[in-house]
Amino acid sequence: MEFSSGRARLKQARLAGDRRELYPHSLQFYLEPPTENISLVEFESFAIDRLKLLKVVENLGVSYVKGSDSYKTKLETELRKLKFPYKALAEDDYEARRKDHISHFILRLAYCQSEDLRRWFLQQEMDLLRYRFNELTASLRQKFLEYVNLSFEAVSEDLKNELLNELCTSTPGFNMSKVKEQMYYKVGLADAVDLFRARRVFIKDGFAYVPLKEIDAIVLNNYRTKLSKALALTARSLPSIQSDERLQPLLTHLSHSYVGPDYSVQKNTGKISLEQIDALSVKSFPLCMRQLHKSLRDNHHLRHGGRMQYGLFLKGIGLTLEQALEFWKKEFIRGKVDADKFDKGYAYSIRHSYGKEGRRTDYTPYSCMKIIMSNPPSQGDYHGCPFRHSDPELLKQKLQSYKVPPSGITQILELVKGMHYQLACQKYFELTHDVDDIGFSLNHPNQYFTESQKLLTGGRELKKELSTSGNSQQKSNSQESMNLNSASTASNVTADAELEGLESYFTED
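So, here's what we can say about the structure. Note that this is a predicted model, so its numbers are computed, not measured.

## Here we look at the state of the cysteines
Argument step 1. Applying the stated criterion across every chain yields a total of zero disulfides.
Argument step 2. With no disulfide of its own, C368 lies closest to C425 among cysteine sulfurs, the gap being 5.9 Å.
Argument step 3. With a relative accessible area of 12%, C368 lands in the buried category.

Printed below as a string of structure tokens:
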């Protein structure tokens, strides 16, 4: 028995050693796809965790200066929490390296399907690699460069002293003593084209003399080229992958997935009166829902896409089925739809969205990603994300009409230009609620509503009122402090929420 147990332990140790040889470094260019078998549960879990990580990378990249202490601290915290490698070349993080490798390739499958998705994925993966590469020590950087076949020739001390004046002049921020301290590499001009364009390196005989602190630009340029090509090749392979009925629905919905609460169970159900909705739309609705509400009031009608998006949002903030039927019927019959036509043509779909008809599916409110990525509005539609689907000039006019200050409009339009649509909505929240930092990542219209109400009510539960007159909020200094603490607490709850019901994230209608 003891002998058998000893042999088993020896075999297990040998296998563990073999596995670790697959990932000799915590950092890699993801050149070789994983070949092992994994369960669908692990497939989903890895994908969700990496998506969370890349979302954090995107948010931090806009909210903080990349490479700043705050940026690095927050990103390391997220890497630790999600169990991805954060200490380069550590010897005891095989599972983290494995997760890093497999999850990258899963998201590569999901995010190769369109140019917008490829661009977003590429940018976040590059920012992640930049952070992790810059955390390496000088000796570990050299080992990694050799590992990815970027072993550039180190400049000898004699040659460096001979070119001392040229290197000092050509390297921004360097004086003579700093040039002497810094290690330099001879890099082919084709690899250093970005640094050459920016006039940040000395060029001689077809080689760029690159200081160690700038070598990350070379690494990132090389990585960008390889990953861009890999994404294009993966996109060509999609037809064969999509024929697998197990993976196809996962990959189809992964790029649109939302990884927070689904707001299908609303503790405020029945606590909001129909009379409150107009006031709430001004104070606590995100721009997409405020736009839909205004269009409904103006035109007394919304097309199917608008009814689904807005109807499920109202369901999420607390409207009961009976309230929803009354709300939509009152508005529609003010237009060209009589009561009989509404009962026959529209009431069914409302009951259906509440899980009372058809397959009895209890539909959840749309997340930001679903609104941004699916079913874009056409002429005459008012659904979608205003930051994603509106013309910038029309968006500017809309923000002006809502009394957003000019400086704030400029910030929002810059975020829109950079395709950071959720961050633009987050900035809109901050400007309309007069806070500098909301303390959470905005990913869902119903999250916007919930956090707005917490700020405006100091964390108190929303009370049903028959009249909204005289309910404007006056914020004192002590109230602001309590509100901000409330928002911070909500952020932690959202960030730490357990991942439950994964199927709902991937099979949302």
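## Description of the environment of F449
Argument step 1. When you line up the elements, F449 lands in helix 24 (residues 445-457).
Argument step 2. With relative accessibility at 3%, the residue F449 sits in the buried group.
Argument step 3. Remark: the alpha-carbon pair of F449 and K283, spanning 166 residues in sequence, is separated by 8.9 Å.

## Here we look at the side chain of R108
Argument step 1. Positionally, R108 belongs in helix 4 (residues 94-110).
Argument step 2. Buried and unpaired, R108 has E125 as its nearest opposite-charge partner, separated by 7.9 Å.
Argument step 3. Only 3.1 Å separates the side chain of R108 from the backbone oxygen of Y30, close enough to count as a polar contact.
Argument step 4. Aside from chain neighbours lying at most four places away, what touches R108 is Y30, F121, L227, A230, L231 and T234.

## Observations regarding the packing of helix 15 (residues 304-317) against helix 24
Argument step 1. Interaxial distance between helix 15 and helix 24 falls to 10 Å at its minimum, and their mutual angle equals 40 degrees. Crossing geometry of helix 15 relative to helix 24 is assigned as right-handed. Across the interface between the two elements, F313, G316 and I317 from helix 15 touch P445, N446 and F449 from helix 24.
Argument step 2. Residues that form the contact of helix 15 with helix 24 fall into these classes: four nonpolar, two polar and no charged.

## Observations concerning the packing of aromatic side chains
Argument step 1. For the structure shown, the criterion picks out 22 aromatic pairs.
Argument step 2. Here a set of aromatic residues connected by ring pairs shows up, and it is made of F285, Y310, F313, F327, W328, F332, F342, Y346 and F449.
Argument step 3. Here the guanidinium or amino end of R290 rests over the ring plane of Y402, the centre of that ring lying 3.5 Å away.
Argument step 4. Looking at K315, its charged tip hangs above the ring of Y354, at a distance of 5.2 Å from the centre.

## Some words on unusual backbone geometry
Argument step 1. Despite not being glycine, K83 shows a phi value in the positive range, around 65 degrees.
Argument step 2. Turning to its location among the elements, K83 is positioned in the loop between helix 3 (69-82) and helix 4.
Argument step 3. On the basis of relative accessible area, K83 is assigned to the exposed category, the value being 61%.
Argument step 4. The phi angle at D205 is positive, at roughly 55 degrees, despite the residue not being glycine.

Parameters at a glance
- Residues numbered from 1 in each chain as written.
- Predicted model: local features only at pLDDT ≥ 70, side-chain atom pairs only at ≥ 80, totals over all residues.
- Heavy atoms only, no water.
- Disulfide = S-S within 2.5 Å.
- Buried < 20%, exposed > 50% of the residue type's maximum accessible area, 1.4 Å probe, protein only.
- Helix = DSSP H or I, 4+ residues; strand = E, 2+ residues; numbered from the N terminus.
- Lys, Arg positive; Asp, Glu negative; His and termini not counted.
- Salt bridge = Lys/Arg side-chain N within 4 Å of Asp/Glu carboxyl O.
- Polar contact = N/O pair within 3.5 Å; in protein donor to acceptor, adjacent residues only side chain to side chain.
- Contact = heavy atoms within 4.5 Å.
- Axes fitted to C-alpha atoms, helices over the stretch in contact; angles between N-to-C directions.
- Left-handed = near helix turned anticlockwise from the far one by under 90°.
- Nonpolar A, V, L, I, M, F, W, Y, C, P; charged D, E, K, R; others polar.
- Phe/Tyr/Trp six-rings, centres within 6.5 Å; stacked < 30°, edge-to-face > 60°.
- Lys NZ or Arg CZ within 6 Å of the ring centre and 35° of its normal.

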